[in-house]
Amino acid sequence: MLEEARTTWRQAVAAYQSPQLRRSLWQLANSVVPFLALWYLAYRLLEVSFWLALPVQALAGGFLIRVFIIFHDCGHGSFFASPKANDLVGFLTGVLTLTPYQDWRDEHARHHATAGDLDRRGLGDVWTMTVEEYRAASFWQRLGYRLYRNPLVMLGLGPVYVFAIKQRFPRSRSGPRGRRSVLLTDLALVAVVGTLFATIGVGTTLLVHLPILAIGGAAGIWLFYVQHQFEGVYWEHRDQRDYVAVAMQGSSFYALPRILQWFSGNIGFHHIHHLSPSIPNYRLPECHREQTLFQQVDRLTLRQSLRSLRLRLYDEASHRLVGFQALAAR
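Residues numbered from 1 in each chain as written. Predicted model: local features only at pLDDT ≥ 70, side-chain atom pairs only at ≥ 80, totals over all residues. Heavy atoms only, no water.

Description of the overall build of the chain
Looking only at helices and strands, the chain features 15 helices and five strands. Taken over C-alpha atoms, the radius of gyration comes to 20 Å for the chain, in line with the 20 Å a tight globule of 330 residues would show. Summarising its shape, the C-alpha atoms of the chain cover approximately 60 × 50 × 40 Å along the three principal directions. Looking at the chain residue by residue over its 330 residues, the buried ones come to 50%. Pairs at least 24 apart in sequence give 71% of the contacts found in the chain among residues at least 6 apart. Of the roughly 15900 Å² of accessible surface on the chain, a fraction of 63% belongs to carbon and sulfur atoms. (Helix = DSSP H or I, 4+ residues; strand = E, 2+ residues; numbered from the N terminus. Rg over C-alpha atoms; globule rule 2.2 N^0.38 Å. Buried < 20%, exposed > 50% of the residue type's maximum accessible area, 1.4 Å probe, protein only. Contact = heavy atoms within 4.5 Å. Areas by Shrake-Rupley, 256 points an atom, 1.4 Å probe, with all protein chains shown as cover.)

Some thoughts on the environment of F197
Tracing the sequence through the fold places F197 in helix α9 (residues 176-199). Separated by 186 residues in sequence, F197 and Q11 have C-alpha atoms that sit 52 Å apart. F197 has contacts with V202 and T205, leaving out every residue within four places of it along the chain.

Overview of the layout of surface pockets
Gaps left between atoms show up when a probe the size of a water molecule is rolled over them. Reported here for the largest pocket is a volume of approximately 1200 Å³. Surrounding the largest pocket, 43 residues form its lining, W104, V162, F163, I221 and F224 being those nearest its centre. Within the residue set of the lining of the largest pocket, elements represented by two or more residues are α3 (50-75), α5 (101-114), α8 (151-165) and α10 (202-226). In terms of residue count, the dominant contributor to the lining of the largest pocket is α10 (eight residues). Along its surface, the second largest pocket is lined by 19 residues, and L98, L189, V193, L196 and H209 are the ones closest to its centre. (1 Å grid on protein atoms, 1.4 Å probe; cavity = no way out; pocket = protein on both sides within 12 Å on 5 of 7 lines; lining within 4 Å. Points joined across faces, edges and corners; volume = space filled by probe spheres on them.)

Quick word on empty space enclosed by the protein
Following the criterion strictly, the structure yields one cavity of 30 Å³ or more and no others. Roughly 100 Å³ of volume is contained in the largest cavity. Its residues assigned to classes, the lining of the largest cavity shows seven nonpolar, six polar and one charged. (Nonpolar A, V, L, I, M, F, W, Y, C, P; charged D, E, K, R; others polar.)

Details of the sheet that holds strand β1 (residues 129-130)
Strand order in this open sheet of three strands is β1-β4-β5, and the pairing throughout is mixed. Each edge of the open sheet carries a strand with a single partner, namely β1 and β5 (320-322). Inspection of the sheet shows β1 paired to strand β4 (residues 313-315) by two bridges, in the parallel sense. Each bridged residue has a counterpart across the sheet, and for M129 the counterpart in β4 is L313. (Pairing = 2+ DSSP bridges.)

Details of the packing of aromatic side chains
Under the definition given, this model contains 22 aromatic pairs. Look at Y145 and F324: their rings are 6.3 Å apart centre to centre, the planes differ by 85°, and that puts the pair in the edge-to-face class. Of the two residues, Y145 sits in helix α7 (residues 139-149) while F324 sits in the segment after β5, which places them 179 residues apart along the sequence. Summarising the burial analysis for this pair, Y145 and F324 share the class buried. Measuring from ring centre to ring centre gives 5.0 Å for W262 and F263, while their planes differ by 85°; the resulting arrangement is edge-to-face. Among the aromatic residues, ring-to-ring pairing joins F68, F71, Y101, W104 and F163 into one connected group. (Phe/Tyr/Trp six-rings, centres within 6.5 Å; stacked < 30°, edge-to-face > 60°.)

Considering the packing of α3 against helix α4 (residues 83-96)
A pair of packed helices is captured by two measures, namely the crossing angle of their axes and the spacing between those axes. At a minimum axis distance of 8 Å, the contact between α3 and α4 shows a crossing angle of 145°. As α3 runs across α4, the sense of the crossing is left-handed. From α3, L64, V67, I70, F71 and C74 reach across to α4, where they touch N86, V89, G90, T93, G94 and L96. Looking at the contact of α3 with α4 residue by residue, the classes come out as seven nonpolar, four polar and no charged. (Axes fitted to C-alpha atoms, helices over the stretch in contact; angles between N-to-C directions. Left-handed = near helix turned anticlockwise from the far one by under 90°.)

Considering the nonpolar core
Judged by nonpolar contacts, the single largest core of 23 residues is most densely connected at M248, I272, L275, I279 and F294. When contributions to this core are tallied by element, the ones reaching two or more residues are α1 (2-14), α11 (243-248), β2 (253-255), α13 (270-275) and α14 (284-290). When residues of this core are assigned to their parent elements, the largest contribution, five residues, is made by α11. Discounting residues that sit within four places of it in the chain, L275 has contacts with W9, Y243, V244, A247, M248 and F294. Among the nonpolar cores identified, the runner-up in size contains 19 residues, and I69, V95, L98 and V226 belong to it. (Core = buried A, V, L, I, M, F, W, Y, C linked by side-chain atoms within 4.5 Å.)

Considerations on a nonpolar patch on the surface
Residues F139, W140, L143 and L147 make up a contiguous nonpolar surface patch of roughly 480 Å² in combined accessible area. Along the chain, the position of W140 falls in helix α7. Since its relative accessible area comes to 65%, W140 is described here as exposed. (Patch = residues over 30% accessible without salt bridge, like charges linked within 9 Å, V, L, I, M, F, W, Y side chains within 5 Å. Salt bridge = Lys/Arg side-chain N within 4 Å of Asp/Glu carboxyl O.)

Treat this as a map of the structure, not an account of what it does.
What follows is the structure, given as structure tokens:
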């Protein structure tokens with residue numbers, strides 16, 4: 001399968017790499033408008049009961065994921081044919097998702113350039129230590145790593161920290177364009193959040209948005225996590241790394257139920273996305289359906305994906321992700 005993919009994948013993806021304006025505009029409308037409407041509905045329901053508003057906030061969190069997928073596609077230049085349109089919509093959806101567009105775009109490009117590379121980990125991906133690195137680490141390094149990989153931290157505290165706090169500051173690797181995008185996004189957020197604080201109040205604004213951010217952010221981080229964190233994931237040293245293997249064996253085909261596939265913007269077809277980031281998210285299912293090459297990869301079901309939470313270290317000897325319990329077996 002991998003040999004076939006190396007020779008035929010370019011032809012297989014070529015027909016799907018062009019964005020379709022009507023579909024892009026429709027996805028923009030059916031994602032952003034419901035999100036804003038649900039935000040307002042949650043605000044009104046909070047006047048009655050927080051528990052009445054919570055299901056609406058959970059649904060708004062689902063639409064926030066769709067907004068982020070649009071933001072993500074704009075960052076790849078795949079949502080519109082026009083670079084200016086991608087940059088404009090990317091910036092605006094970045095404000096909605098609390099994420100500086102250009103800075104995130106640069107960091108995500110590093111992720112695509114280094115995915116599956118054992119020698120360049122930590123560039124826009126989930127921190128993953130090898131078994132030998134963990135064995136050689138100090139007590140505090142091990143503790144920090146265990147906390148980082150703990151689901152309660154990663155999916156509980158992580159979303160609010162990443163989107164509300166971390167994204168407000170340039171990264172250490174940010175260039176002038178990235179730092180400028182952080183500043184512009186922060187200024188836009190000051191205007192939006194300041195208006196909300198002045199009109200509906202600080203407490204009400206936070207009560208509406210923090211649950212949406214926590215729910216949508218946790219789901220989004222989980223999707224990003226499971227795309228490259230599964231037992232047989234491909235990792236290799238830089239001089240032996242294979243681009244096609246990174247996509248077909250190092251990126252999951254996350255076979256979600258149809259409704260979750262819709263809310264996640266088809267990002268579960270991640271093996272195709274890593275082969276060709278130029279394909280808009282709404283064209284990934286048809287590419288998978290019509291090209292048998294992409295149907296040959298292993299499916300990762302929702303139930304199977306939950307097992308990846310116990311996989312914390314990469315074992316170079318067996319070429320697999322393993323849990324901490326594997327340390328005791330040696």
